[in-house]
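Here is how the chains run, residue by residue.
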Amino acid sequence: AQSVSQHNHHVILSEAASLELGCNYSYGGTVNLFWYVQYPGQHLQLLLKYFSGDPLVKGIKGFEAEFIKSKFSFNLRKPSVQWSDTAEYFCAFNAGNNRKLIWGLGTSLAVNP
Amino acid sequence: NAGVTQTPKFQVLKTGQSMTLQCAQDMNHNSMYWYRQDPGMGLRLIYYSASEGTTDKGEVPNGYNVSRLNKREFSLRLESAAPSQTSVYFCASRASGPEQFFGPGTRLTVL
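Residues numbered from 1 in each chain as written. Chains lettered and ligands numbered in written order. Predicted model: local features only at pLDDT ≥ 70, side-chain atom pairs only at ≥ 80, totals over all residues. Heavy atoms only, no water.

Caption draft 1: Structural context of the pairing of strand E5 (residues 42–49) of chain B. All names here are of chain B. Counting buried positions over the 8 residues of E5 gives 8, a clear majority of the element. Bridge analysis of strand E4 (residues 31–38) against E5 gives 7 bridges, and the strand direction is antiparallel. For Met32, the partnering residue across the bridge sits in E5 and is Ser49. A loop of 3 residues connects E4 with E5, the two strands running antiparallel in sequence, and Gly40 in this loop sits at a positive phi of about 75 degrees. Bridge analysis of E5 against strand E6 (residues 56–57) gives 2 bridges, and the strand direction is antiparallel. Each residue of the ladder has a partner; that of Tyr47, found in E6, is Lys57. (Buried < 20%, exposed > 50% of the residue type's maximum accessible area, 1.4 Å probe, protein only. Helix = DSSP H or I, 4+ residues; strand = E, 2+ residues; numbered from the N terminus. Pairing = 2+ DSSP bridges.)

Structure follows, in structure tokens:
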């Protein structure tokens, strides 16, 4: 079955620390990959996406993610987090032309000032 | 453009009551989705509509019905609410590409 695994459920960092959130998907074919962010009390917003091409994609607010096909991974990174990055982060993918997204359970990030 | 809008923002129901959650999008998107979000369980798909006039079940359809009223609107109905349906409900829409756009959510409490 298609699934997404987000390894870290809760992460606590201090401001200026580096961030890496793990995401692995299970599907052997072509995928489109996403990271969404949900700030406290708000709806989900797209942070970045990968469809094809350069496996290192850059998103909003200084986030980036790298698609490593051999590892079925799409880890999210940010060199220096800010208090305003406190949010829940969701990794998702869809396979080929499938209209449904497969979602991870999310990672809650708390950044202490 | 307002994007995806949802009403109401908050609702409290008693067990057994019915209600309809409304969702509308002004982006001319073909596909629309209803999710529920519960702590530690991520997003779970309730129903989706690939295009006007079609609806399909997602992971957790029991206890819900949907109507794709037209291209813009996709409503979710709880016929007889249960405490297990206490959740935050998100509507989303999608054009031809895979990216989904989300509404602000409805926080539902069933007592």
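Caption draft 2: Local environment of the packing of aromatic side chains. Residue and element names in this part refer to chain A. Tallied over the entire structure, the rule returns 18 aromatic pairs over all chains. Judged by centre distance (6.4 Å) and plane angle (35 degrees), the ring pair of Tyr25 and Phe67 falls under tilted. Of this pair, Tyr25 sits in strand E4 (residues 24–26) while Phe67 sits in strand E8 (residues 64–68); the two residues are 42 residues apart in sequence, bridging distant segments of the chain. Under the relative-accessibility criterion, Phe67 is labelled buried at 12%. Measuring from centroid to centroid gives 5.8 Å for Phe34 and Phe51, while their planes differ by 70 degrees, and the two rings are edge-to-face. Of this pair, Phe34 sits in strand E5 (residues 31–38) while Phe51 is found in the loop between strand E6 (45–50) and strand E7 (56–58), placing the two residues 17 residues apart along the sequence. By relative accessible area, which is 0% here, Phe34 ends up buried. (Phe/Tyr/Trp six-rings, centres within 6.5 Å; stacked < 30°, edge-to-face > 60°.)

Caption draft 3: Representation of the pattern of salt bridges within the structure. Residues and elements named next belong to chain A. Taken as a whole and judged by the stated rule, the model has 8 salt bridges over all chains. Taking the shortest distance from any N to any O, the salt bridge between Glu64 and Arg77 comes out at 3.4 Å. Residue Glu64 is located in strand E8, and its partner Arg77 is located in strand E9 (residues 73–78); the two are separated by 13 residues in the primary sequence. Judged by its relative accessible area of 18%, Glu64 is buried. Owing to a relative accessible area of 22%, Arg77 belongs among the partly exposed residues under this scheme. Each of the salt bridges in this network shares a partner with another, and the network as a whole consists of Lys58, Glu64, Glu66 and Arg77. (Salt bridge = Lys/Arg side-chain N within 4 Å of Asp/Glu carboxyl O.)

Caption draft 4: Just the interface of chain A and chain B, in detail. Contact with chain A, which involves 20 residues of that partner, is made by 19 residues of chain B. On the chain A side of the interface with chain B, the three residues burying the most area are Arg99(A), Lys100(A) and Trp103(A), jointly 36% of the side's total. Linking chain A with chain B are 1 salt bridge. The salt bridge partner of Glu99(B) is Lys49(A), with a shortest N-O separation of 2.8 Å. Counting the contacts that link chain A with chain B gives 6 residue pairs in polar contact (both at pLDDT 80 or more). Counting residues per element, the ones that place at least two in the side of chain A that touches chain B are E5, E6 and strand E10 (87–95) of chain A. With 4 residues, E5(A) is the largest single contributor of residues to the side of chain A that touches chain B. Classifying every residue of the side of chain A that touches chain B by side-chain character gives 9 nonpolar, 8 polar and 3 charged. (Contact = heavy atoms within 4.5 Å. Buried area = accessible area lost by both parts, 1.4 Å probe. Polar contact = N/O pair within 3.5 Å; in protein donor to acceptor, adjacent residues only side chain to side chain. Nonpolar A, V, L, I, M, F, W, Y, C, P; charged D, E, K, R; others polar.)

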